Amino acid sequence: MEVQQTVNSTLNSLEDSGYQSTILNKLPEDLIDSDFNKLKNSLSSYLLQATTLADSILRTELAFPETHNLTVLSSKNKLKDVLTHFDRLHSRINDTHSKVLVTGDLNAGKSTFVNALLRRQIVPDDQEPSSAMFVEVIDIIENGGIEEVHAIENPESYSKSDPSTFRRFPITQLREEVENEENVIPLLKVYCTDGRKDSSILQNGVIDVSLIDSPGLNIDSMKTTSLFSKQEEIDVIVFVVNAENHFTLSGKEFLETATKEKAYVFIVVNRFDSIKRKDRNKREILEQIKSISPSTYDDSAHLVHFVSTRKVFQHYVEGVESTEENWISDFEALESSLKNFILNKRAKSKLAPGKVFLKNVLADLEYLSSYNVEQSSSHEKKVSEDLETAGPIYRQLKLVKEEHLKNLDYNINTTKEAIARFTKDTLNSFLNEFDLFMESTEWDGAIHVWRYAHELRTVVTRLANIRLRSTHSFAQEQCIKYIEHIETGLPSNLLNIEIDKSSIISGLEYQNENALLALSDLDLFDSSDKFDIIKDYVPSVSMLGISFLGYRSLVTGILGRQSSPSFGKLAKLLFTGLAVTGIWKFLYTYYPTGFGMLLFNLSDMKSSIQNKVSVKMHQYFKKSKFVNNQVDLISNQSKRLLTVALKDFNKKFNTILDEQESQFNAKTVEQTRVKDQLSSFESFWRRVTGLKSDVEKLVI
């Protein structure tokens, strides 16, 4: 319905700027109750404090529980609405107007009740739901003494000094306008006088009062009227209930909602004259009121009235004399209580709604702040636990970086230098010591001289391989040791970042055929060496050459065929024959003295061959720069393999370190933020609790 669509603008219009009463402005100070002013000032102060609190918490990361028993607040948007409501309440408390909303179920007698109060027929009764609208009755003095009706289509823009914001018509057309089904005007303002000569509710000479007749509660209008009743402009709610029907479901729902905002509700039980068992009816209705609005029930003597508005209206307006005078006196008692409540007890009528709303808001804020203290405390504990885990990991990673990876090139070079020193020392020691190992090579006699020389070379080669293998093993050990030293410093949960050791082990694996390949092809004796051996160890070479088939030519021929595969066997045979021949020749020529010389020469032949092989080997190692080449080869290979392995690791490590640093810094910032937030919510909770206690102590 269009009425519902315009309800918000209707509600906001009720506090009209033209409501400043000229009567009140002329009142002497002693007519204004000092207690009321004290209460008003206190409540105004509390409202301002609550506004500051609500505004401050609105700027925080306020969390709302999924399930709650909040009365007013359920989201930040509601909190924004509360701030607006506080502003209006503050203005309303300091305003001199009082608004009375008359509502109830359909056909409960609301309009008749308003007309009975006015002592004249003003408000049309029996409004149909389709033509329901709000009718506000205002003292004629507010309209310059002119009695008329203003039909307002847009309540927010209404101003009685601007005719373009309303349509005026006489009071006599009011029923026609109300009953017009095509009329969608949400609000009618009726400026009039009542039918009595003495002071009425409207014309009380103290404050300005307006009566607002609302549509009957039904499916369409109940929500609208409920919203209306909660507005800060409404000071008093008069709920008219049919004594025959008691409280309907819609009536109960409305009152349960309204009493959350207004501590006190006037309840008019109408048509009580038609009830036969009045005591029972009164008891049942009071029990219902007790469950709906306890504060109203507690003051039921003044706030709950059983009347017959029809008989009162007939008596005062139509002039029908009532045979039962108690109906008139009961209504006059109601009227007196309502006047007293509005005028003499303005604290209750005007300030009580503000106190109730403020208490509800503060209760919600207390609950929300307590909930957020709990949430922030839990969050702070979680963040601290995360930091307790992340902190040591981050610091350990930084330590690894500082000790091993920050100066990675330096550490790799240090490892390389250690390997180079060990390799150099080991190989130099080998060169200095391999002569000793040659001594242990078995000597099979002069006829096996060539084999003996090759066995000497084999011994040296084998020893060189052993020493080279040890240098490669040392290089492997040093590289792996350095890597394991780095891995030892890593947090256990990051050990999945493994450094590739297999490539280092395989890359530094010793391959003997590569290192000493040229040594196996080394020519141990050149031609001069071989002739020296023949000259020194075969006596009387010239004589043997003359006497036996040209000995020199034979040997030269043999030497010339040294490349033949059968050279070894032939050499053995020839030397054996020559030796025997030489011996006998010596014996024949020199007699026993030559025999002794031969034995001496043969015994020195082993040392001579060993020395010659040793010299050749030393010359080879020196000329080939064996030690320096192996030192460079092994140390450089170690450095290259370490660099490749650690480069990949360093990249992965730095990625994780950056992530851990980012997480650690974020958690640190988060911890500071949450601690500040927790402190803020704790402070807010203390302030709200204190203010709530002060408001509860305020007796209205």
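Not measured: the values here are computed from a predicted model. (Residues numbered from 1 in each chain as written. Predicted model: local features only at pLDDT ≥ 70, side-chain atom pairs only at ≥ 80, totals over all residues. Heavy atoms only, no water.)

Asker: Even after reading the chapter, I still don't get the overall build of the chain, so can you show me in this structure?
Answerer: Check the secondary structure of the chain and you find 25 helices and 9 strands. Residue burial in the chain is summarised as follows: out of 700 residues, 49% are buried. Looking at the chain as shown, the accessible area adds up to about 34,800 Å², and 51% of this sits on carbon and sulfur atoms. (Helix = DSSP H or I, 4+ residues; strand = E, 2+ residues; numbered from the N terminus. Buried < 20%, exposed > 50% of the residue type's maximum accessible area, 1.4 Å probe, protein only. Areas by Shrake-Rupley, 256 points an atom, 1.4 Å probe, with all protein chains shown as cover.)

Asker: Which parts of the structure should I look at to understand the side chain of Gln-671?
Answerer: Assignment of secondary structure puts Gln-671 in helix H25 (residues 626-697). Here Gln-671 falls in the buried class, since its relative accessible area comes to 18%. If we skip the residues at most four places from it in the chain, Gln-671 touches Glu-380, Val-383, Ser-384 and Leu-387. (Contact = heavy atoms within 4.5 Å.)

Asker: How should the nonpolar core be read in this particular structure?
Answerer: Proteins that are soluble and globular tend to have nonpolar side chains buried together. If you look at the biggest cluster of nonpolar residues, it comprises 81 residues, and the most contacted ones within it are Phe-86, Leu-188 and Val-238. For this core, the element with the most residues is helix H4 (residues 34-58), which contributes 10 residues. Discounting chain neighbours no more than four positions away, the residues touching Val-238 are Val-100, Leu-101, Val-102, Thr-103, Phe-113, Phe-266, Val-268 and Leu-338. (Core = buried A, V, L, I, M, F, W, Y, C linked by side-chain atoms within 4.5 Å.)

Asker: Help me out: how do you make sense of the pattern of salt bridges in this one?
Answerer: Side chains that carry opposite charge are capable of pairing whenever their charged atoms lie near each other. Counting across every chain of the model gives 18 salt bridges. One salt-bridge network, held together by shared partners, links Lys-99, Glu-136 and Lys-189. (Salt bridge = Lys/Arg side-chain N within 4 Å of Asp/Glu carboxyl O.)

Asker: Can you help me understand the environment of His-85 in this one?
Answerer: Structurally, His-85 is set in helix H5 (residues 76-93). On the basis of relative accessible area, His-85 is assigned to the buried category, the value being 12%. Between the C-alpha atoms of His-85 and Gly-354, which are 269 residues apart in sequence, the distance is 9.9 Å.

Asker: Can you walk me through the packing of helix H17 (residues 449-488) against H25 in this structure?
Answerer: In a pair of packed helices, the angle between the axes and the distance between the axes together describe the arrangement. Contact geometry for H17 and H25: axes closest at 11 Å, N-to-C directions at 25°. Of the possible angle classes, the one that applies to H17 and H25 is roughly parallel. The chirality of how H17 crosses H25 is right-handed. Here Leu-468, Thr-471, His-472, Ala-475, Cys-479, Tyr-482, Ile-483 and Ile-486 of H17 come into contact with H25, specifically with Phe-626, Gln-630, Ile-634, Ser-638, Leu-642, Leu-646 and Phe-649. Partitioned by chemical class, the residues of the contact of H17 with H25 number 11 nonpolar, 4 polar and no charged. (Axes fitted to C-alpha atoms, helices over the stretch in contact; angles between N-to-C directions. Parallel < 35°, antiparallel > 145°, perpendicular 65-115°, else oblique. Left-handed = near helix turned anticlockwise from the far one by under 90°. Nonpolar A, V, L, I, M, F, W, Y, C, P; charged D, E, K, R; others polar.)

Asker: Sorry if this is basic, but what is going on with the pairing of strand S3 (residues 148-152) here?
Answerer: Each regular strand shows side chains that alternate between the opposite faces of the sheet. Among the 5 residues in S3, 5 count as buried, and that is most of the element. Taking every second residue as pointing to the same face, both faces of S3 are buried, with Glu-148, His-150 and Ile-152 on one and Val-149 and Ala-151 on the other. As judged from the 5 bridges shared by S3 and strand S5 (residues 187-192), these two strands associate in the antiparallel manner. The residue of S5 that forms the bridge with Val-149 is Val-190. (Pairing = 2+ DSSP bridges.)

Asker: Is there a simple way to think about the sheet that holds strand S8 (residues 266-270) in this case?
Answerer: Within a sheet, neighbouring strands are paired by backbone hydrogen bonds and run either parallel or antiparallel to one another. Spatially, 9 strands are ordered S4-S3-S5-S2-S6-S1-S7-S8-S9 in an open sheet, and the strand pairing comes out mixed. Each edge of the sheet is formed by a strand with only one pairing partner; in this case those strands are strand S4 (167-169) and strand S9 (304-306). On average, adjacent strands in this sheet sit at an angle of 20° to one another, irrespective of strand direction. Relative to strand S6 (residues 208-213), strand S1 (residues 97-104) is paired through 6 bridges, and the arrangement is parallel. The residue bridging Lys-99 from the neighbouring strand is Ser-210, located in S6. Against the sheet, helix H6 (residues 110-118) touches S1, strand S2 (134-139), S6, strand S7 (234-242) and S8, its axis set at about 155° to S6. On top of the sheet, helix H10 (residues 278-292) reaches S8 and S9; it is set at about 155° to S9, its chief contact.

Asker: Help me out: how do you make sense of the packing of aromatic side chains in this one?
Answerer: The description of two aromatic rings rests on the distance between their centres and on the angle between their planes. Counted under the stated rule, the structure contains 16 aromatic pairs. In textbook terms, an aromatic cluster arises when at least three aromatic residues are bridged by ring pairs, as seen for Phe-430, Phe-434, Tyr-620, Phe-621 and Phe-626. Positioned above the aromatic ring of Phe-272, the side-chain terminus of Lys-278 is 5.8 Å from the ring centre. Here the guanidinium or amino end of Lys-282 rests over the ring plane of Phe-306, the centre of that ring lying 5.0 Å away. (Phe/Tyr/Trp six-rings, centres within 6.5 Å; stacked < 30°, edge-to-face > 60°. Lys NZ or Arg CZ within 6 Å of the ring centre and 35° of its normal.)

Asker: Would you mind going over the side chain of Asp-139 with me for this structure?
Answerer: Summarising the element assignment, Asp-139 is placed in strand S2. Of the side chains with opposite charge, Arg-120 lies nearest to the buried Asp-139, which makes no salt bridge, at 9.3 Å. Every residue in contact with Asp-139, bar those within four places of it in the chain, is listed here: Tyr-191, Cys-192, Leu-202 and Gln-203. (Lys, Arg positive; Asp, Glu negative; His and termini not counted.)

Asker: Looking at this model, I keep getting lost on the environment of Lys-406. Mind explaining?
Answerer: In this structure, Lys-406 sits in the loop between helix H15 (346-405) and helix H16 (408-438). Spatially, the C-alpha atom of Lys-406 lies 9.7 Å from that of Asn-650, the residues being 244 residues apart in sequence.

Asker: Explanation requested: the confidence of the model for the chain in the structure shown.
Answerer: Close inspection of predicted coordinates is inappropriate for parts of the model with low pLDDT. Considering every residue of the chain, the mean pLDDT works out to 77; 75% of them sit at 70 or more. When pLDDT is averaged over each element of the chain, S9 comes out on top at 96 and helix H3 (residues 22-25) at the bottom at 31. Predicted confidence for residues 1-32 stays below pLDDT 50, and this span has 68 contacts to residues more than four positions away or in other chains. Below pLDDT 50 for its whole length, residues 539-567 participates in 37 contacts with residues either more than four positions away or in separate chains. (pLDDT = per-residue confidence, 0-100.)

Asker: Explanation requested: H6 in the structure shown.
Answerer: An α-helical turn contains 3.6 residues, so any two residues separated by three or four positions project in the same direction. Within H6, 9 of the 9 residues are buried, which leaves it mostly tucked inside the rest of the structure. For H6, the full list of buried residues reads Lys-110, Ser-111, Thr-112, Phe-113, Val-114, Asn-115, Ala-116, Leu-117 and Leu-118. At the C-terminal side of H6, Arg-119 shows a positive phi close to 60°.

Asker: What is the right way to read the pairing of S2 from this model?
Answerer: Across the 6 residues of S2, 6 count as buried, placing the element largely inside the fold. With 6 bridges connecting them, S2 and S5 associate as parallel partners. Note on S5: the bridge partner recorded for Phe-134 is Leu-187. Bridging between S2 and S6 involves 3 bridges; their strand directions are antiparallel. Of the residues in S6, the one forming a bridge with Val-137 is Leu-211.

Asker: Help me out: how do you make sense of unusual backbone geometry in this one?
Answerer: As a rule of thumb, non-glycine residues mostly have phi less than zero, and peptide bonds are mostly trans rather than cis. Positive phi, close to 60°, is recorded for His-246, a residue that is not glycine. In this structure, His-246 sits in the loop between S7 and helix H9 (249-258). Owing to a relative accessible area of 17%, His-246 belongs among the buried residues under this scheme. The residue Lys-625 is not glycine, and still its phi comes out positive at about 50°. Residue placement: Lys-625 occurs in the loop between helix H24 (592-623) and H25.

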